[in-house]
Amino acid sequence: MDLSALDEVITALNNVLRDMGGTKGKAANNTYLPAGALGKNFSEEEELRNAHAVMKDYIENTILAQIEGLVDDFGKKTKKAKDQYEEAEHASTVTSASGGSSMGV
């Protein structure tokens with residue numbers, strides 16, 4: 001097993017998570033729509049702002065949160081798999097070095 005490839009995957013996923021912090025920040029802070037920004041004195045303005053707020057909340061708290069959770073979960077599982085492969089390689093090396101038997105006498 002190429003453990004360096006798993007290390008690369010773990011690093012890439014951690015970078016994605018780090019970069020998602022910026023995405024979440026932009027979604028939260030750079031999409032503010034104040035009253036009157038869409039115009040004034042027409043009945044649909046408040047409806048449009050409310051629809052914007054609903055969609056903004058959905059993007060922030062549902063879509064981005066799910067993506068972040070999936071990436072984090074995959075990263076943790078990849079690290080766990082890598083650690084198990086390392087342990088198996090170590091055990092195999094110890095067994096080979098002791099003459100093919102892992103049983104102590």
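Rules behind the numbers
Residues numbered from 1 in each chain as written. Predicted model: local features only at pLDDT ≥ 70, side-chain atom pairs only at ≥ 80, totals over all residues. Heavy atoms only, no water. Helix = DSSP H or I, 4+ residues; strand = E, 2+ residues; numbered from the N terminus. Buried < 20%, exposed > 50% of the residue type's maximum accessible area, 1.4 Å probe, protein only. Polar contact = N/O pair within 3.5 Å; in protein donor to acceptor, adjacent residues only side chain to side chain. Contact = heavy atoms within 4.5 Å. Expected span 1.5 Å × (residues − 1). Bend = angle between axes of the 7 residues up to and from the residue.

Visitor: I tried to follow the environment of S4 on my own but got confused; where do I start?
Guide: Relative to the elements of secondary structure, S4 occurs in helix α1 (residues 3-29). Since its relative accessible area comes to 39%, S4 is described here as partly exposed. With 78 residues separating them along the chain, S4 and K82 place their C-alpha atoms 9.1 Å apart. Here D2 takes part through its side chain, which lies 2.5 Å from a polar atom of the side chain of S4.

Visitor: How do you make sense of the side chain of T78 when you look at a structure like this?
Guide: Checked against the element boundaries, T78 lands in helix α2 (residues 44-97). Only 2.7 Å separates the side chain of T78 from the backbone oxygen of F74, close enough to count as a polar contact. Not counting residues within four places of it along the chain, the set of residues in contact with T78 comprises L6, V9, I10 and L13.

Visitor: I'm lost on α2 in this one. Help?
Guide: Residues spaced three or four apart along an α-helix face the same direction, because each turn holds 3.6 residues. Taking 1.5 Å of rise per residue, the 54 residues of α2 would be expected to cover 80 Å, and the 77 Å separating its terminal C-alpha atoms lies within 8% of that figure. Its maximal kink placed at I59, α2 deviates by approximately 35°. Within α2, the full set of buried residues consists of E45, E60, L64, V71, G75, T78 and K82. On the buried face of α2, the contacting elements are α1.

Spatial relationships are all this shows, so hold off on functional conclusions.
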